[in-house]
Structures are given as C-alpha cells and as structure tokens.
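A look at the structure
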2 protein chains.
Amino acid sequence: MPHESPPQPARRTRRKEARPAEMIEAARDLFIERGFAATKLEDVARRAGVSVGLPYVYFENKAGLFKAVVRESVLPNIRLGEELLDSYPGPTDDLLRLIVNRFWQMNREPSAGLPKLVVAEATNFPDIARFYMEEVVMRGRRFFARIIQRGIDRGEFRPVDVMQMARVMAAPLSMLTIWTHSLAPHELDPGATAEGFLDAYLDLVLHGLRAAPKDTPDV
Amino acid sequence: MPHESPPQPARRTRRKEARPAEMIEAARDLFIERGFAATKLEDVARRAGVSVGLPYVYFENKAGLFKAVVRESVLPNIRLGEELLDSYPGPTDDLLRLIVNRFWQMNREPSAGLPKLVVAEATNFPDIARFYMEEVVMRGRRFFARIIQRGIDRGEFRPVDVMQMARVMAAPLSMLTIWTHSLAPHELDPGATAEGFLDAYLDLVLHGLRAAPKDTPDV
DNA sequence: CTATAGAATGAATGTTCATTCAATAAACAC
DNA sequence: GTGTTTATTGAATGAACATTCATTCTATAG
C-alpha cells in the first residue's frame, strides 16, 4: 500500500492565534441561521474544524461565545460609511446613493445576519442588547442624522426633525438586512428584489426630503 | 375551622373548548419573549394554568404548538385596515394618517410580537415562513399598494413603482413592531419614542409621494 | 346516588446537549 | 535525540427538558 493522507490538513494542528476567530465565525453563521438555543456547540466545533472541548478553552461557555460573536462581528463594518460622509464633496443626493450602494454590498457579507440575531436574542441577553444599542444603533442614528443635517445645511433638504427622521431613514435598511436572513428565501414575488427595494427607498427619501419642489422630474 | 378555598378556581376543571386558546396564548407570549427553543413547555403549561401533559392532548408536540400559535395569532388583525381602505371617502393623506393610528394601537397588543418571532424562527420552520409570506406579507404589500394607487388615481400622489414602494412603505412599520419587542426596552435616547417615529414616518412618506409640489408648508 | 366517559394530571422515561477533564500529541528547547 | 510545555482531543458526566401514559378526578347521564 502507498502513502496515506497527503491532502488532509493533519488533525491536531496547534494554532492558538487562529482558533478563536475560526470558532467565532462558525458560531456566528450557525447562530444567525438557527438562533442561539437551537445551535449545538458540537456543530459549531465541527464547522470550525475543532473538537467539542476546544471552545471551552477559549470561551467561558456557550453564552460567552455568543457575546464574543456579537462583539467581534459588530466593530469591523462601522467606520466605512463614516469616512465617506466626511470626505464626500458633492451633493447630498449623490452621497446618499453612494452610501446605499455600499450598504447593499455589505448586506451580502455573512456578518450582515447579525441584526436579525441580536433582535431575536435581545430579551435573553440584556447586556448584549445594551452593547448593541450603544455601538451600533446610536452610532447608526447619528450617522443618518449627520447626512440629513448636511442636506439641510446645504439647502438641499427641507428642515425636519433630524433625530426622528434619522430613525425612519435607517428603518428600511435595517428591515432589508433582517429580511435577507429570514423571510427572503421564501419570497413569492420574483419582482421583490433588494435592488428594487433600494431604488424605491432612494426615490421616496430623496423626494421626501427635497427642499425646493420647483420641478417634478420623472423617477 | 370554617370552610376551605372559596376563591380558588378548583384545580382540574374540565374546559375542553377553552384550553387550546389558553395554551396558545401562553405559548405565544413566551415564544415571543424567549424564542422557540429557549421556551420550556413546562413554563407554557404553568402560565396557561394546566399540567405539563395537557399540551400534548391538544397539540402534536412543541413544534405543533408553535405552528398553532402563528396560525391563530395572524388571522384576527388582518381585515381591520382593509375595511377602512374601502370605506374611507377623504383624501389619501388623511387615510394614511388614520391607518398609522390604527397600526399604532395594534402595536400594543401582545400578538404584535409575532413578526419578531416569525423572523427569528423562519429558518427553523420553513412551512411557517411560507404561510406567513402568503397570509401576512403579500397581503400587507397589496394593502399598501392599493393605498398608493388610490393616491395616484386621485391625483394626490406622483406616479411611482407601486409594488416596490409598497414594500418600502411597509418596512418602517414592520421594523417598529419588531423593535418594540426586542431592543426598545433598552432604548438609550428618551426622545426616541414610537410616536415621534410615526410622525416622522408620515412626514417623510407624505412629502415623498406628494404629486404637486406647488407650496412648501412647514412641519 | 352510581356508573361511565373522557378531561386533566404529574411522576417517570429517554434523549439531547452543555460542560468537564484525563489523555494525547504537536511544537519547541536543549 | 530526549524532555517539557501546552494546545487539542473526545469519551464521560450530569442536568435539563420534551414526551409519555397509567392514574385520578370531574361532569354528566341514567
């Protein structure tokens, strides 16, 4: 008989640094798909390519892993749009279009399932809910508030209650993200695409905020 | 010693007709609060005032109870707004304001937590997801589409992609409902009320759909 | 008042996991 | 090579929980 197992990555490799991230990623995907309670740690371990016992070396327990998932998945995606907002010189219309485009790209990443997960588990994990409120929700509101304020300051948008309008503007995008990871796979209307939704969203928002209704261009 | 237990409802009463509804209600509240997997049937039974075994007399198992919860909780609240839409004679602006008011009232009922529950469990219960898509989502979209079409037909709203805009218009309301049963209890901004949200929502939508931008009133 | 049907109970069962930890084997020092 | 450290394993443990069903009790008929 010739040699054995050349392509297999050799079980029991020691990679102390890479393990936590790999387990967090595996846990994130399964928690998002099935929810916290319905996810077995054994499945997480299998997907991460480790044994059942290893998560307990790096995390206190299942809840600790969950908290790590939320904390680690939240931070990366936050600064992207904020930089854009600060540097963009053109009209706020176009800025918003650009931001929606970036959002649409981000929405395809696996971590985009987090909002659904957090919403589903908020009651069972109050400290995670608080963390998410501070780090994501409040930050997101301020982000949209700044965009609206920018439009008002430049005379492009009419004056509105900026903080409330920020919440309303964020809502359809949050809903789209949650939707993508829940009911979207069971969509019955072939025309109900994310692109169509975002087009209509921009249409409504830009018309709804526009300052000087002097002309009425089509679409 | 005088008599015993006059106010107690006497354990082991036989009420074949009332039991299912009572267990469904108890299950609904707990499923919404904790999620399906994290809810113990023993807790459901206790809250419904029955023994652990009784749910299995009326439902096949825990999943069967879950499905009954969704099916029973969905139907009641649907026709309310549709009747209003058919009978209302005035401007579509006012009709929408009225509908949002009714929605706001419905949002306080316990069954308003269903969207969050369905979204959270959609992946684990595909047939429930399909049912909900048909009975609630599609119906809701058609409802909003009819409102928009009504406004366009009456010359009050500008022409838009009606089906897409219906989805966008429904999104903030769905989001508010989900929000109420997830992160709202951890709100950090005292000004972030549901009323303020709905005011801004109406403000945005009515300006965003308005047909003839001849004047620019405040508010 | 007694008998019968069937609604309701709750102790018992079996399974499904989260969690533990003694054993194993990479990696590295010498 | 040999010894030491420690990352990793996976069988074993025990608790939690869904589900069952023989028994108990209520309501109603006769």
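Bringing the overall build of chain A into the picture now. Of regular secondary structure, chain A possesses 10 helices and zero strands. Helices and strands appear in chain A in the N-to-C order α-α-α-α-α-α-α-α-α-α. Against the 2.2 N^0.38 benchmark of 17 Å for 219 residues, chain A shows a C-alpha radius of gyration of 22 Å, more extended than a compact globule. Within chain A, the proportion of its 219 residues that are buried is 49%. Partitioning the contacts of chain A with sequence separation of at least 6, the portion at a separation of at least 24 is 72%. Surface accessibility of chain A: about 11,300 Å² in total, with carbon and sulfur atoms responsible for 53%.

Our next topic: the domain arrangement of chain A. All names here are of chain A. Domain parsing of chain A yields domain 1 (11–69) and domain 2 (74–209). Computed over C-alpha atoms only, the centres of domain 1 and domain 2 are separated by 29 Å. Contacts between domain 1 and domain 2 engage 12 residues on the former and 11 residues on the latter. Across the domain 1/domain 2 interface, buried area totals approximately 970 Å², and carbon plus sulfur atoms make up 73% of it. Broken down residue by residue, the surface that domain 1 buries against domain 2 is led by Ile32, Phe66 and Lys67, which jointly contribute 58%.

For the rest of this paragraph, the subject is the packing of helix α1 (residues 19–34) of chain A against helix α2 (residues 41–48) of chain A. Residue and element names in this part refer to chain A. The N-to-C vectors of α1 and α2 enclose an angle of 130°; their axes lie 8 Å apart at closest approach. When the axis of α1 is compared with that of α2, the two are oblique. In this structure, the crossing between α1 and α2 has a hand that is right-handed. Two secondary-structure elements touch here, α1 through Glu22, Met23, Ala26, Ala27, Asp29, Leu30 and Arg34 and α2 through Asp43, Val44, Arg47 and Ala48. Counted by class, the contact of α1 with α2 contains six nonpolar, no polar and five charged residues.

A few words now on the protein's contact with DNA strand C. Close contacts around DNA strand C come from 21 residues, with Arg12 and Tyr56 of chain A together with Arg14, Arg15 and Tyr58 of chain B the closest. In this structure, Arg19 of chain B approaches DNA strand C through a side-chain N or O atom, which is 3.0 Å from a phosphate oxygen.

Take the side chain of Ser182 of chain B next. Structurally, the position occupied by Ser182 of chain B is in the loop between α9 (162–180) and α10 (194–209). Classification of Ser182 of chain B by relative accessible area gives buried; the value is 2%. Within the local environment of Ser182 of chain B, its side chain forms a polar contact with the backbone oxygen of Ile178 of chain B, the two atoms lying 2.9 Å apart. For Ser182 of chain B, the residues in contact, after removing those within four places along its chain, are Val119 and Ala122 of chain A together with Lys116 of chain B.

The next point concerns the packing of aromatic side chains. We describe a pair of aromatic rings using the distance from one ring centre to the other and the angle between the two ring planes. In total, this model carries 12 aromatic pairs over all chains according to the counting rule given. Each ring, one from Phe143 of chain A and one from Phe144 of chain A, has its centre 5.5 Å from the other, and the planes form 75°; the classification is edge-to-face. In this structure, Phe143 of chain A and Phe144 of chain A share a single accessibility class: buried. Ring centres of Phe36 of chain B and Phe66 of chain B lie 5.4 Å apart, and the angle between their planes is 75°; this geometry places the pair in the edge-to-face category.

Take the pattern of salt bridges next. Counting across every chain of the model gives 30 salt bridges over all chains. We note a salt bridge from Arg47 of chain B to Asp29 of chain B, for which the minimum N-O separation is 3.6 Å. Placement of the pair is Arg47 of chain B in helix α2 (residues 41–48) and Asp29 of chain B in helix α1 (residues 19–34), with a sequence separation of 18 residues. Arg47 of chain B sits in the partly exposed class, given a relative accessible area of 47%. Through salt bridges that share partners, Arg34, Glu42, Asp43 and Arg46 of chain A make up one connected network.

What follows deals with the protein's contact with DNA strand D. Every one of the 22 residues lining DNA strand D counts as a neighbour, but Arg15 and Tyr58 of chain A together with Arg12, Arg14 and Tyr56 of chain B are closest to it. Contacts to DNA strand D include Arg12 of chain A, whose side-chain N or O atom sits 2.7 Å from a base oxygen. In this structure, Lys40 of chain B approaches DNA strand D through a side-chain N or O atom, which is 3.1 Å from a phosphate oxygen. A breakdown of the residues in the surface near DNA strand D according to their chemical character gives seven nonpolar, six polar and nine charged.

Time to look at the environment of Gln164 of chain A. Structurally, the position occupied by Gln164 of chain A is in helix α9 (residues 162–180). Along the sequence, Gln164 of chain A and Ala145 of chain A sit 19 residues apart, while their C-alpha atoms lie 8.5 Å from each other. Excluding its chain neighbours within four sequence positions, the residues that come into contact with Gln164 of chain A are Gly191, Thr193, Gly196, Phe197 and Ala200 of chain B.

With that out of the way, let us pick up the interface of chain A and chain B. Listed as interface residues are 58 residues of chain A and, on the opposing side, 59 residues of chain B. Together, the buried faces of chain A and chain B total about 5,000 Å²; carbon and sulfur atoms form 71% of this surface. The partner of Arg141 of chain B in a salt bridge is Glu187 of chain A, and the shortest N-O contact between them spans 2.8 Å. The interface formed by chain A and chain B holds 17 residue pairs in polar contact (both at pLDDT 80 or more) in total. Secondary-structure elements contributing two or more residues to the side of chain A that touches chain B are α1, α7 (114–121), α8 (126–153), α9 and α10 (194–209) of chain A. Residues belonging to the side of chain A that touches chain B are distributed by class as follows: 33 nonpolar, 13 polar and 12 charged.

Thresholds applied
Residues numbered from 1 in each chain as written. Chains lettered and ligands numbered in written order. Predicted model: local features only at pLDDT ≥ 70, side-chain atom pairs only at ≥ 80, totals over all residues. Heavy atoms only, no water. Helix = DSSP H or I, 4+ residues; strand = E, 2+ residues; numbered from the N terminus. Rg over C-alpha atoms; globule rule 2.2 N^0.38 Å. Buried < 20%, exposed > 50% of the residue type's maximum accessible area, 1.4 Å probe, protein only. Contact = heavy atoms within 4.5 Å. Areas by Shrake-Rupley, 256 points an atom, 1.4 Å probe, with all protein chains shown as cover. Domains from an automatic or database assignment. Buried area = accessible area lost by both parts, 1.4 Å probe. Axes fitted to C-alpha atoms, helices over the stretch in contact; angles between N-to-C directions. Parallel < 35°, antiparallel > 145°, perpendicular 65-115°, else oblique. Left-handed = near helix turned anticlockwise from the far one by under 90°. Nonpolar A, V, L, I, M, F, W, Y, C, P; charged D, E, K, R; others polar. Near = heavy atom within 4 Å. Polar contact = N/O pair within 3.5 Å; in protein donor to acceptor, adjacent residues only side chain to side chain. Phe/Tyr/Trp six-rings, centres within 6.5 Å; stacked < 30°, edge-to-face > 60°. Salt bridge = Lys/Arg side-chain N within 4 Å of Asp/Glu carboxyl O.

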